[in-house]
Amino acid sequence: MSTSSSEPRAGQPLAHRVALWFGSLPLLRAVLVWAAVVLAAFTLAGWVTGDGGLWTSQRLLAAWQGERAPATPLDTLMVLVPTVLVVVVSGFLLIRLRRWAGTQQFMMTSGLTPAEAEEADHRFEAAMAQLSGRLVEQKLEGVRALIEVADTYRWTYRQRVVDALCDYLRRQRGSYTYDVETSGGADWVGPTTTFVSLDQPVESLVLEEMRRHLRRRRDATGACEAVTQEVEDDQLWCECSFNLDGAILAERVDFDHLTINGKMSLRDARLLEGADFTRTSFLLADFTRAWFHGTVSFAGASFRERAEFWGARFDAAATFQDAQFARGCLFRETDFMGRASFKNARLSDDIVFLGARFHDTADLSGAEFR
């Protein structure tokens, strides 16, 4: 099975290149292009069968110059029926051509034959059915099956599998319970809540597979340790985007030393055990209103584009020591309930702390604004 082709191969027939172009058009633009082709063909047919000089406007517009309107219902029907047939057949051909073009585009970009693509879709759907099962064992098998699909069909299914796993983590997978201390006492401040996860092994497996597929090989440089890559180059998910908006993650998120060239979004997410993003390289990072209940480390992390922490809350210590912000960062109205460290961080001039609240110490020693 060929699964390593990510670019259209050179030397494809003209029909394949046209199909690739047509299949990539938005539907409205494709309809307009198809209508233009039909009208051009209609005009060409009139020019070929028309009378008069070869290059005269009369012959060129012969198809558009008719006699008087039909005088009888039969004449009207004889004109209307072919017109409707032309419209219907043109629409049918447009749909078929779009499907064919989409198939050709898929085959050129994925390297899969239609039979292989059908098999991949079947395996993907079967894995999704397992992931939607009621038993934890079923869900674990579903996750493993999705990983196998992504690793086998690679270029075509990586983002699709990532989207499926992120969608699973965004589901309601547990509930909050109230812990009420009946003894009371002078120091009692009221009931507390505890999140009870119903699928902790599944969440652990999903997060571990994400971490494993985002660890791109790095050489040791100075104080930075080497990163060992655990999968093949074309099995990495570094170019994928991760939408974990609103997810409640009961496990500690160990995403250290990763390379994320897509978007990592954790808007409104709750990380109950905190997270470790030490020396992770982000392209686009959005932690707007994220709630970190445990300790968080972004030590040595690099943000190549603007990072968003607007309205985020850090209940415990948060360190951005040695972090690098290339295009600014928004810490507007962010709550740092524990210690916050930006020691030796490289901060761009457009970093924003407007409305940020530091309830404990904040260490900015050695921080460089540029």
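Going by the structure above, here's the rest.
An account of the accompanying structure is given in this report. (Residues numbered from 1 in each chain as written. Predicted model: local features only at pLDDT ≥ 70, side-chain atom pairs only at ≥ 80, totals over all residues. Heavy atoms only, no water.)

**A closer look at the sheet that holds strand 5 (residues 253-254)**
Read from one edge of the open sheet, 6 strands run 5-8-11-15-19-22, paired in parallel fashion. Each end of this open sheet is capped by a strand with a single partner; those strands are strand 5 and strand 22 (362-363). Pairing geometry for strand 19 (residues 340-341) and strand 22, over 2 bridges, is parallel. Bridge pairing in strand 22 links Ser341 to Asp363. (Pairing = 2+ DSSP bridges. Helix = DSSP H or I, 4+ residues; strand = E, 2+ residues; numbered from the N terminus.)

**Structural notes on the nonpolar core**
Membership of the largest hydrophobic core comes to 67 residues, with the highest contact counts inside it found for Trp237, Phe282, Phe287, Phe298, Phe309 and Phe320. Elements that contribute at least two residues to this core include exactly helix 5 (114-131), helix 6 (136-153), helix 7 (158-170), helix 8 (200-213), strand 6 (259-265) and strand 9 (281-286). Residues contacting Trp237, with those up to four places away along its chain left out, are Ile147, Ala150, Arg158, Val161, Val162, Leu165, Glu209, Met210, His213, Leu214 and Phe242. (Core = buried A, V, L, I, M, F, W, Y, C linked by side-chain atoms within 4.5 Å. Buried < 20%, exposed > 50% of the residue type's maximum accessible area, 1.4 Å probe, protein only. Contact = heavy atoms within 4.5 Å.)

**Some words on helix 8**
Between the first and last C-alpha of helix 8 there are 20 Å, a value that for 14 residues agrees with the 20 Å anticipated at 1.5 Å per step. All buried positions along helix 8 are accounted for by Val202, Glu203, Leu205, Val206, Leu207, Glu209, Met210, Arg211 and His213. (Expected span 1.5 Å × (residues − 1).)

**Describing the pattern of salt bridges**
Enumeration according to the criterion identifies 22 salt bridges in this entry. With a shortest N-O distance of 3.6 Å, Arg160 and Glu125 are connected by a salt bridge. With a gap of 35 residues between them, Arg160 in helix 7 and Glu125 in helix 5 connect regions that are remote in the sequence. Under the relative-accessibility criterion, Arg160 is labelled partly exposed at 34%. Here Arg173 ties to Asp199 by a salt bridge, and the two come within 3.2 Å at their closest N and O atoms. Pair noted here: Arg173 is in the loop between helix 7 and strand 1 (174-179) and Asp199 is in the loop between strand 2 (192-197) and helix 8, with a separation of 26 residues, a long-range link. By relative accessible area, which is 8% here, Arg173 ends up buried. (Salt bridge = Lys/Arg side-chain N within 4 Å of Asp/Glu carboxyl O.)

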